[in-house]
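For reference, the chains in residue letters:
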Amino acid sequence: SAGVGRHGGVYAQPLSAWRRAVLSVISPCCRAGLFVFGFYRIKISGKLDPRAALLVPNHVSMFDLLAMYWLALPSGLSKAETFKLPIIGTIFRALQVIPVQRESEESKREATERIMRFARSRAEGAPRGPRFPPILVFPQGTTCREEVLTMFQRGAFLPGQPVQPVALKYPWKHFNPAFVVAGKGDWFLFRHLTQFVLHLEVTFLPTHVPSEAERHDPALFANNVRAELAEELGASTTNHSYEDAKLYRFALNLAERTGLESNPGKRTSLASRPLRGLELRAIKDLFTASADGHAHYTLDDAKQALEHFASLDTDHDGYLSLEEFAAATGFDPQSPHTERLFDFFDRDASGRIDFRELVIGQAIASPFSTSPAEDRVRLAFDIFDQNGDGRVSESELRALVRFAGQSDTSRHARATQYQLQKLLDAARAKAGRQADGQTEQSASSQRGGQELRISWESFRALAPRDSALVSTAFLALHPEPGAVAAAAASGLGAGRGG
């Protein structure tokens, strides 16, 4: 399974001593490879601890793997597709490298079980005899500059066994060997191969034996180990993850494909691109999980939203101006109503909307949002309040419901009309109870046949956050398929839970 098929028995028992001895030839081969690539001298500090069940280095370069197999000859994790390659797949199985498919939950569970089996064979009190090798895991899941440590995935820390952090440093002056996302004109590999000398420092930190709290909380365990590595490297930490790197790659490809990347060869950090520090995990936390445990917002949803954003950003500056926002929603850019909606998305009051702010706004508009109910209802109220006077009139409600109903399903339209009438009746009844004839703060009704007008306080009390009426407000935000709130209303990140 997971790309190895009938070879699953390779992971049932540790290799015998003679098989490990045969495989030991791989270690000097890795060192020879490093020498060929220009790593003539490698500084090593600390020692490999035989108690460590897992080795967890930071991931900087494609040479990390050669260095670790030279020094430790461990097992490890690799993409299942790698096992289909001639020779490479055979070597990986011989080394008991564990295959994993990132997109498969079943594969991840199987890999976790194998990690735990390997780790327990090295634990204190384990039966004497052959042991599985330590498992090499790059918990970041992708390469990154050594001065920044991205979020550690929890898989390596689930067994609750001792791990040994390993700090990998590549001192450089003219060329940074960190293999980060780059454009087509980067010529990274060519530049790497034309360096006369490359430097590497490997530091084995003391083995981290998890506390009782860390055994029960893999996330805490991972964060504490990351903090130790960050201190050794003098690095900062960020909650960006593997998926953020993939989204960043997609954003760069999108810019190159549309001819908007002014310097495709320049290699820069996540925070300096139009994504501007977006953390996909933080965005996912704005959505509830579906009944089967899957997220209502995925990497594919973020990619689709980014494409929408790029199509709306007509001046290609990485932001949506008020004019671009108005063009997307079909509203008058001079209208106070449009300005208030724009301000809702413009979280930092900068006068422009970046991609992160757009996605946060979409999350609030989603029926699967974990944001406070009041935020969602407030946005619906602002959409209904067309003239911006702080009150929603009956005509504004009916007009917008009728407009949104043009693209709505008949079932949803009937539910909306029913809830609209129920809200109007409740507002009239409340207004009619005013003994002194004055308009109360929560609702107002003008006498003499004048129109019913509902305040924010009354709307908040009468319109549940998940009502069809509130959802209809978001449908009205996008008269065209490519508009700003299309993702929010149609469930760009929420359609899976239906």
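Placed above this text is the structure.
Residues numbered from 1 in each chain as written. Predicted model: local features only at pLDDT ≥ 70, side-chain atom pairs only at ≥ 80, totals over all residues. Heavy atoms only, no water.

**So, the sheet that holds strand E7 (residues 163-169)**
The pairing of strands in a sheet comes from backbone hydrogen bonds and takes either a parallel or an antiparallel form. Test applied: In short, DSSP must find at least two bridges between two strands for them to pair. Counting from the N terminus, the helices are the DSSP runs of H or I reaching at least four residues and the strands are the DSSP runs of E reaching at least two. The contact criterion used is simple: two residues touch if any of their non-hydrogen atoms lie within 4.5 Å. To get an axis, a line is fitted to the C-alpha atoms, and for a helix only the part in contact is used. The angle between two axes follows their N-to-C directions and goes from 0 to 180 degrees.
Taken together, seven strands build an open sheet; the order of strands is E1-E8-E7-E2-E5-E3-E4 and the sheet is mixed. At either margin of the open sheet sits one strand with a lone partner, and together these are strand E1 (42-45) and strand E4 (98-100). For E7 and strand E8 (residues 200-204), the ladder comprises four bridges, and the chain directions are antiparallel. Across the sheet, the residue bridging to Ala167 is Thr203, located in E8. Those strands touched by helix H3 (residues 64-71) are E1, strand E2 (54-57), strand E3 (75-79), strand E5 (135-136), E7 and E8, and its axis lies near 50° from that of E8. Relative to E7, helix H8 (residues 218-233) is tilted by about 35°, and along the sheet it contacts E2, E7 and E8.

**With respect to H3**
Cut-off, in case you're wondering: Exposed residues in this analysis have more than 50% of their type's maximum accessible area, buried residues have under 20%, and partly exposed residues fall in between, with area computed by a 1.4 Å probe over protein chains only.
Buried within H3 we find Asp64, Ala67, Met68 and Tyr69. Check the buried side of H3 and you find it contacts helix H2 (26-36), E2, E3, E5, E7 and E8. Of the residues trailing H3, Leu73 is marked for its positive phi of about 45°.

**Concerning the environment of Pro336**
Tracing the backbone shows Pro336 in helix H13 (residues 336-345). Residue Pro336 is classed as partly exposed on the basis of its relative accessible area, which comes to 44%. Expressed as a C-alpha distance, the spacing of Pro336 and Asp385, which sit 49 residues apart in the sequence, is 9.9 Å.

**Describing the pairing of E3**
If a strand is regular, its side chains alternate between the two faces of the sheet. Stated precisely, the cut-off is as follows: Seen with the strands pointing away from the viewer, any crossover whose path from the first strand over the helix to the second strand runs clockwise is right-handed.
Sheet topology places E3 next to E5; two bridges connect them, and they run parallel. Within E5, the residue paired with Gly76 across the bridge is Leu136. Across three bridges, the pairing between E3 and E4 is parallel. Bridge pairing links Leu77 to Ile98 in E4. Read as a crossover between parallel neighbours, the route from E3 over helix H4 (residues 88-94) to E4 is right-handed.

**Some thoughts on the environment of Arg114**
Topologically, Arg114 is positioned in helix H5 (residues 105-121). When the C-alpha atoms of Arg114 and Ile98 are compared, they prove to be 7.5 Å apart, with 16 residues separating the residues in sequence.

**Some thoughts on the packing of aromatic side chains**
Aromatic ring pairs are reported here in terms of the distance separating the ring centres and the angle at which the planes meet. Defined as follows: Here a Phe, Tyr or Trp ring, Trp counted by its six-membered ring, pairs with any other such ring whose centre lies within 6.5 Å, and the pair is stacked when the planes are under 30 degrees apart, edge-to-face when over 60, and tilted otherwise. Here, over-ring charges are defined by two tests on the NZ atom of lysine or the CZ atom of arginine: distance to the ring centre within 6 Å, and angle to the ring normal within 35 degrees.
One pass over the structure, following the stated rule, counts 13 aromatic pairs. Each ring, one from Phe118 and one from Phe132, has its centre 3.9 Å from the other, and the planes form 10°; the classification is stacked. One end of the pair, Phe118, is in helix H5; the other, Phe132, is in the loop between H5 and E5, with 14 residues separating them in the sequence. For Phe132, a relative accessible area of 3% puts it in the buried group. An aromatic cluster of three or more residues is present, and its members are Phe37, Phe39, Phe63 and Tyr170. The positively charged end of Arg31 is found above the aromatic ring belonging to Trp70, 5.1 Å away from the centroid. The ring of Tyr319 has Arg352 lying over it, and the distance from NZ or CZ to the ring centre is 3.5 Å.

**Thoughts on unusual backbone geometry**
The phi angle at Leu73 is positive, at roughly 45°, despite the residue not being glycine. Mapped onto the fold, Leu73 is located in the loop between H3 and E3. Its identity as a non-glycine residue notwithstanding, Gln96 has a phi of 60°, on the positive side. In this fold, Gln96 is placed in the loop between H4 and E4. On the basis of relative accessible area, Gln96 is assigned to the buried category, the value being 0%.

**Describing the packing of H2 against H3**
Heads up, the condition is: Here roughly perpendicular refers to angles of 65 to 115 degrees, roughly parallel to angles under 35, roughly antiparallel to angles over 145, and oblique to all remaining angles. Whether a crossing is left-handed or right-handed is set by the direction in which the near helix is turned from the far one by less than a right angle, anticlockwise for left-handed and clockwise for right-handed. Gly is put with the polar residues, along with every residue not named as nonpolar or charged; the nonpolar set is Ala, Val, Leu, Ile, Met, Phe, Trp, Tyr, Cys and Pro, and the charged set is Asp, Glu, Lys and Arg.
Viewed as axis vectors pointing N to C, H2 and H3 meet at an angle of 140°, and their least axial separation amounts to 7 Å. The angle between the axes of H2 and H3 places the two elements in the oblique class. For the element pair H2 and H3, the recorded crossing hand is left-handed. Where H2 abuts H3, its residues Ser27, Cys30, Arg31 and Leu34 lie against Leu66, Ala67, Tyr69 and Trp70. Grouping the constituent residues of the contact of H2 with H3 by class yields six nonpolar, one polar and one charged.

**Describing the side chain of Ser78**
For Ser78, the location among the structural elements is in strand E3. Relative accessible area serves as the criterion here: at 13%, Ser78 is assigned to the buried category.

**A few points about the pattern of salt bridges**
Proximity of charged atoms lets side chains of opposite charge pair with each other. As a reminder, the rule being used: In what follows, salt bridge is the name for a side-chain nitrogen of Lys or Arg lying within 4 Å of a carboxyl oxygen of Asp or Glu.
What the rule picks out here adds up to three salt bridges. Put simply, Arg51 and Asp49 hold a salt bridge, and the shortest N to O gap is 3.0 Å. Glu110 is the salt-bridge partner of Arg114, the closest N and O atoms lying 2.8 Å from each other. Linking Arg114 with Glu110, this pair stays in helix H5, spanning four residues, or about one helical turn. Glu110 shares its class with Arg114; the two are buried.

Bear in mind that shape data such as this cannot, by itself, settle questions of function.
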